[in-house]
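Given next are the chains, with one letter for each unit.
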Amino acid sequence: QRAYASKIVEQCGMTGCNPVDTPMEQNLKLFPGKPEMVKDMSKFRSVVGSLRYLVNTRPDISYSVGMVSRFMECPTAEHWAAIKRIVRYVAGTTEYGCRYTSGAFSNLRLLGYSDSDHAGDLEKRKSTSGVVFFLNGNVVTWSSQKQRVVSLSSCEAEYIAAASAACQGVWLSRLIADLNGEKLKSFRLLMDSKSAIELSKNPVHHERSKHIDTRYHYIRECVANGIAEVDHISTDRQLADILTKPLGRIKFVEMRQQLGVRDVCHD
């Protein structure tokens, strides 16, 4: 999508701009508000819509684009500055995309990562879930979405993200089984929260989890039936971290490479 990415840069009038290494400044917090609102709201929404289409092949901008998409109704000058930062990043990585390698179709391995921040939304105090799945080491699906409910703890936020990942993993497992003509295989899901892992393996609704909506206990059923294998991974190796918060340059570039997003024209 090099031509499409270049068109977005041209649409914003930023052709020849100075590129940046990350799509969003580290620790940046965007607030809703009405002062200094963007004069041309239709252009703001058009650029956001174009970037959302680009996310279909660029998981590295998934979080930043999802963040600015939350302010479509009342965008301010600060939100427009965040958009321009993303466009500057895209301008420097127009030739980037997901790189895929071939492998044995008879031995497909599905591996997922799920992560969450806690109350990252400063308006409604909702958390952001990040989910990414790999098939034989190649990224196949990813998402960065604001959770529907307010989490009372980081454990609950991680648990809700894991439930969303379980739904995606089961769907992918069934699709692979149908395409390959084999029985349904289990998938592996990695999280960096030990408390959320214990909660997914514990069938008893104790005091700490009885308030959680029953829909999010779906992952317990998947673990109990052997469909999902939940394991722990350190925060430094949690690839879904790039889908839940803005990272520093070094860590962002490292995780972008591990996702398989690189210069596909000169690699």
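Our subject is the structure listed above.
Scope of this entry: the structure provided in the associated data block. Computed from a predicted model, the values in this text were never measured in an experiment. (Residues numbered from 1 in each chain as written. Predicted model: local features only at pLDDT ≥ 70, side-chain atom pairs only at ≥ 80, totals over all residues. Heavy atoms only, no water.)

1. A few points about the packing of aromatic side chains
So, step 1. Enumeration according to the criterion identifies five aromatic pairs in this entry.
So, step 2. Here tyrosine 4 and tyrosine 53 contribute two aromatic rings whose centre-to-centre distance is 5.2 Å and whose plane-to-plane angle is 65°, an arrangement assigned as edge-to-face. Of this pair, tyrosine 4 sits in helix 1 (residues 2-11) while tyrosine 53 sits in helix 2 (residues 41-54), placing them 49 residues apart in sequence.
So, step 3. A relative accessible area of 25% places tyrosine 4 in the partly exposed class.
So, step 4. Ring plane angle 70° and centroid distance 5.9 Å describe the contact between phenylalanine 133 and phenylalanine 187, whose orientation is recorded as edge-to-face. (Phe/Tyr/Trp six-rings, centres within 6.5 Å; stacked < 30°, edge-to-face > 60°. Helix = DSSP H or I, 4+ residues; strand = E, 2+ residues; numbered from the N terminus. Buried < 20%, exposed > 50% of the residue type's maximum accessible area, 1.4 Å probe, protein only.)

2. Things to note about the nonpolar core
So, step 1. Of all hydrophobic cores here, the largest spans 45 residues; its most connected members are Leu51, Ile83, Val87, Tyr113 and Val132.
So, step 2. Breaking this core down by element, the ones donating at least two residues are helix 1, helix 2, helix 3 (62-68), helix 4 (77-92), strand 3 (128-135), strand 4 (138-146) and helix 8 (249-259).
So, step 3. Here the element with the most residues in this core is helix 4; it accounts for seven residues.
So, step 4. Sequence-distant contacts of isoleucine 83, defined by excluding residues within four places in its chain, comprise Phe44, Val47, Val48, Leu51 and Val68.
So, step 5. One finds Leu110, Cys155, Ala162 and Ala166 within the second-largest nonpolar core, a separate group that totals 26 residues. (Core = buried A, V, L, I, M, F, W, Y, C linked by side-chain atoms within 4.5 Å. Contact = heavy atoms within 4.5 Å.)

3. Section: empty space enclosed by the protein
So, step 1. By the definition in use, this model includes two cavities of 30 Å³ or more.
So, step 2. Considering only enclosed or pocket space, the largest cavity measures out at about 70 Å³ in volume.
So, step 3. What lines the largest cavity is simply Thr22, Pro23, Met24, Asp60, Tyr63, Ser64, Ile242, Lys245, Pro246, Leu247 and Phe252.
So, step 4. Looking at the lining of the largest cavity residue by residue, the classes come out as seven nonpolar, two polar and two charged.
So, step 5. Roughly 30 Å³ of internal volume is contained in the second largest cavity.
So, step 6. Taken together, Gln1, Arg2, Ala5, Leu54, Thr57, Arg58, Thr94 and Tyr96 form the lining of the second largest cavity.
So, step 7. Of the residues belonging to the lining of the second largest cavity, the class tally is three nonpolar, three polar and two charged. (1 Å grid on protein atoms, 1.4 Å probe; cavity = no way out; pocket = protein on both sides within 12 Å on 5 of 7 lines; lining within 4 Å. Points joined across faces, edges and corners; volume = space filled by probe spheres on them. Nonpolar A, V, L, I, M, F, W, Y, C, P; charged D, E, K, R; others polar.)

4. So, the sheet that holds strand 2 (residues 110-116)
So, step 1. The mixed open sheet is built from five strands, whose spatial order is 4-3-2-5-6. Whereas interior strands pair on both sides, the edge strands pair on one side only; in this sheet they are strand 4 and strand 6 (228-232). Within the sheet, the average angular offset between the axes of one strand and its neighbour, ignoring direction, is 20°.
So, step 2. Pairing between strand 2 and strand 5 (residues 187-191): three bridges, direction parallel. Along strand 5, the bridge assignment pairs tyrosine 113 with leucine 190.
So, step 3. Against the sheet, helix 6 (residues 194-201) contacts strand 5 and strand 6, and its axis sits at roughly 155° relative to strand 6. (Pairing = 2+ DSSP bridges. Axes fitted to C-alpha atoms, helices over the stretch in contact; angles between N-to-C directions.)

5. Details of the pattern of salt bridges
So, step 1. Tallying each qualifying case throughout the model produces eight salt bridges.
So, step 2. Two residues, arginine 2 and glutamate 95, come together in a salt bridge whose shortest N-O distance is 3.1 Å. Of this pair, arginine 2 sits in helix 1 while glutamate 95 is found in the loop between helix 4 and strand 1 (96-98), placing the two residues 93 residues apart along the sequence.
So, step 3. Accessibility expressed as a relative area gives 43% for arginine 2, which makes it partly exposed.
So, step 4. Two residues, aspartate 21 and arginine 249, come together in a salt bridge whose shortest N-O distance is 3.9 Å. In this pair, aspartate 21 sits in the loop between helix 1 and helix 2 while arginine 249 sits in helix 8, placing the two residues 228 residues apart along the sequence.
So, step 5. A relative accessible area of 46% means that aspartate 21 is categorised as partly exposed.
So, step 6. Using a relative accessible area of 47% as the deciding quantity, one classes arginine 249 as partly exposed.
So, step 7. A network of salt bridges, in which partner residues are shared, links Asp241, Lys245 and Lys251. (Salt bridge = Lys/Arg side-chain N within 4 Å of Asp/Glu carboxyl O.)

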